[in-house]
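Each chain is listed here by its residues.
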Amino acid sequence: MQDEIYQMNKNILILGAAGQIGSELTQLLRGTYPDRTVVASDLHNSDVLGTPFELLDATDEKAIRQIIEKYQIGEVYLMAAMLSATAEKYPEKAWQLNMQSLLIVLNLAKEKRINKIFWPSSIAVFGSTTPKQNTPQVTITEPNTVYGISKLAGERWCAYYREKYGVDVRSIRYPGLISWKTPPGGGTTDYAIDIFHQALKNGKYECFLTENTKLPMMYMDDAIRATLQLMAADLSGVKICSSYNLAGVSFSPKELANAIQKYISDFCIIYRPDSRQAIADTWPQSIDDVCARQDWNWKAKFDLEHTVLEMIKGIKSLQ
Ligand code: AKB
């Protein structure tokens, strides 16, 4: 009986919906699935997310169970997480949030209370011993950060629950995500967003990474499209049970600054690397996403030029 009920539940819950990815994901899921209730939830109140919205702590198992019952949730997107730079300041808190929330939703799926999960991983699962160029799907993963350790452990839990209990959990190793609608929070790749805001406001930017620190990045529209595409794919085609590599565009702060200068000719950048440099130094420069391309037809649309154009247009529309 429980089996039949859970398979009929088609509504969606987003945990951490007020964050950088969650807020855009909420809008797109609501637009894509008008016949399903998409419940946005976060630890903090948010006026921009629309309704239904629930105040919800992603580590509060009892409260999550109640919301799942209340809205007949079948699918959970767990977007709540502490990112790389903040996690270095609060290692235990980061571990607790990033792990506990995942184990709660994995267990809900194991008990057949929900039938599908999306959980974001990151390029942070790679570390200083990983090949930096065209980093393969399966390679050395010895992360040097708390965030990376939590993401790698999370990936192994996802694979374990899929293999052992048949849980349908899908995941992407997001690169640094670039968007203008919602500010990022506590990541090492955040510079690639701040730079646009400062360029348009003050014409200058002080970058916390060195000029040649090349990192894998992606425009948010591509990242959200990939997420929906992976979640809509037939499970038999989702062969990677841990998390998919996903490539967008790779660039350094200097290359990004040059691209911005095409639109804001007097824009200037100075480099004052801080503690985030050490994190960036352990991450890949470019990613091989052949598995995502083969398994569910992934292809990025936004190159650097297009990303810069969209970011400038978007931020100007807010001013
Ligand atoms: C971060 O910088 O921590 C994130 C990530 C790459 O996962 N943007």
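The model shown is predicted, which means the values in this text are computed figures rather than measured ones. (Residues numbered from 1 in each chain as written. Predicted model: local features only at pLDDT ≥ 70, side-chain atom pairs only at ≥ 80, totals over all residues. Heavy atoms only, no water.)

## Details of the environment of Ala-40
- When you line up the elements, Ala-40 lands in strand 2 (residues 38-42).
- Judged by its relative accessible area of 0%, Ala-40 is buried.
- For Ala-40 and Thr-51, which are 11 residues apart along the polypeptide, the C-alpha to C-alpha distance reads 7.3 Å.
- With sequence-adjacent residues up to four places away left out, Ala-40 is seen in contact with Ile-14, Ala-17, Thr-26, Arg-30, Leu-49, Pro-52, Phe-53 and Glu-54. (Helix = DSSP H or I, 4+ residues; strand = E, 2+ residues; numbered from the N terminus. Buried < 20%, exposed > 50% of the residue type's maximum accessible area, 1.4 Å probe, protein only. Contact = heavy atoms within 4.5 Å.)

## Things to note about the site of the ligand
- Taken together, Leu-83, Ser-84, Ser-122, Ile-123, Tyr-147, Gly-187, Thr-188, Thr-189 and Trp-283 make up the full set of residues near the ligand.
- Thr-189 places a polar side-chain atom, nitrogen or oxygen, 2.9 Å from a nitrogen atom of the ligand.
- In the complex, 93% of the free accessible area of the ligand, which totals 250 Å², lies under the protein chains.
- The class makeup of the residues in the shell around the ligand is 4 nonpolar, 5 polar and no charged.
- Both domains that meet at the shell around the ligand, namely domain 1 (2-122 + 141-174 + 218-245) and domain 2 (177-216 + 249-286 + 302-318), each give it at least three residues. (Near = heavy atom within 4 Å. Polar contact = N/O pair within 3.5 Å; in protein donor to acceptor, adjacent residues only side chain to side chain. Areas by Shrake-Rupley, 256 points an atom, 1.4 Å probe, with all protein chains shown as cover. Nonpolar A, V, L, I, M, F, W, Y, C, P; charged D, E, K, R; others polar. Domains from an automatic or database assignment.)

## Digging into the domain arrangement of the protein chain
- The domain boundaries assigned to the protein chain delineate domain 1 (2-122 + 141-174 + 218-245) and domain 2 (177-216 + 249-286 + 302-318).
- Computed from C-alpha coordinates alone, the two centres of domain 1 and domain 2 are separated by 27 Å.
- On the side of domain 2, 21 residues touch domain 1, which itself brings 20 residues to the contact.
- For domain 1, the biggest contributors to the area lost against domain 2 are Gln-20, Met-218 and Tyr-219; these three give 41% of the whole.
- The tally of links from domain 1 across to domain 2 stands at 1 salt bridge. (Buried area = accessible area lost by both parts, 1.4 Å probe. Salt bridge = Lys/Arg side-chain N within 4 Å of Asp/Glu carboxyl O.)

## Some thoughts on the nonpolar core
- Among the nonpolar cores identified, the biggest contains 45 residues, and Tyr-191, Phe-196, Phe-251, Leu-256, Ile-260 and Phe-267 are the most heavily contacted of them.
- Listed by contribution, the elements that provide at least two residues to this core are helix 6 (146-165), helix 7 (191-202), strand 8 (204-207), strand 9 (215-219), strand 11 (249-251), helix 9 (253-261), helix 10 (276-280) and helix 12 (304-318).
- Among the elements that take part in this core, helix 7 stands out by supplying 6 residues, more than any other.
- Each of domain 1 (2-122 + 141-174 + 218-245) and domain 2 (177-216 + 249-286 + 302-318) gives at least three residues to this core. (Core = buried A, V, L, I, M, F, W, Y, C linked by side-chain atoms within 4.5 Å.)

## Observations concerning the pairing of strand 5 (residues 116-122)
- Counted residue by residue, strand 5 has 7 buried out of 7 residues, so it is predominantly covered.
- Judged from the 3 bridges that link them, strand 4 (residues 73-78) and strand 5 form a sheet pairing that is parallel. Counted as the bridge partner of Tyr-77 is Phe-118 from strand 5.
- Bridge count for strand 5 against strand 6 (residues 169-174) is 6 bridges, and the pairing is parallel. Across the sheet, Pro-120 pairs through a bridge with Ile-172, a residue of strand 6.
- At this point the chain moves from strand 5, through helix 6, to the parallel strand 6, and the crossover so formed is right-handed. (Pairing = 2+ DSSP bridges. Right-handed = clockwise from strand over helix to strand, strands pointing away.)

## Overview of the pattern of salt bridges
- Applying the stated criterion across every chain yields a total of 17 salt bridges.
- When the shortest N-O distance is used, the salt bridge between Arg-65 and Glu-61 registers 3.0 Å. On the criterion of helical spacing, the pair formed by Arg-65 and Glu-61 is a turn pair, its members being 4 residues apart in helix 3 (residues 61-71).
- Owing to a relative accessible area of 35%, Glu-61 belongs among the partly exposed residues under this scheme.
- Beyond isolated ion pairs, a larger network of salt bridges with shared partners links Glu-61, Arg-65, Glu-111 and Arg-113.

## Overview of the packing of helix 7 against helix 12
- Closest axis-to-axis distance for the helix 7/helix 12 pair is 10 Å, and the angle between their directions is 55°. Between helix 7 and helix 12, the angle is such that the two are oblique. Considering the relative orientation of helix 7 and helix 12, their crossing is right-handed. Where helix 7 approaches helix 12, its residues Ile-193, Phe-196, His-197 and Leu-200 are matched on the opposing element by Val-308, Met-311, Ile-312, Ile-315 and Lys-316.
- Broken down by class, the residue content of the contact of helix 7 with helix 12 amounts to 7 nonpolar, 1 polar and 1 charged. (Axes fitted to C-alpha atoms, helices over the stretch in contact; angles between N-to-C directions. Parallel < 35°, antiparallel > 145°, perpendicular 65-115°, else oblique. Left-handed = near helix turned anticlockwise from the far one by under 90°.)

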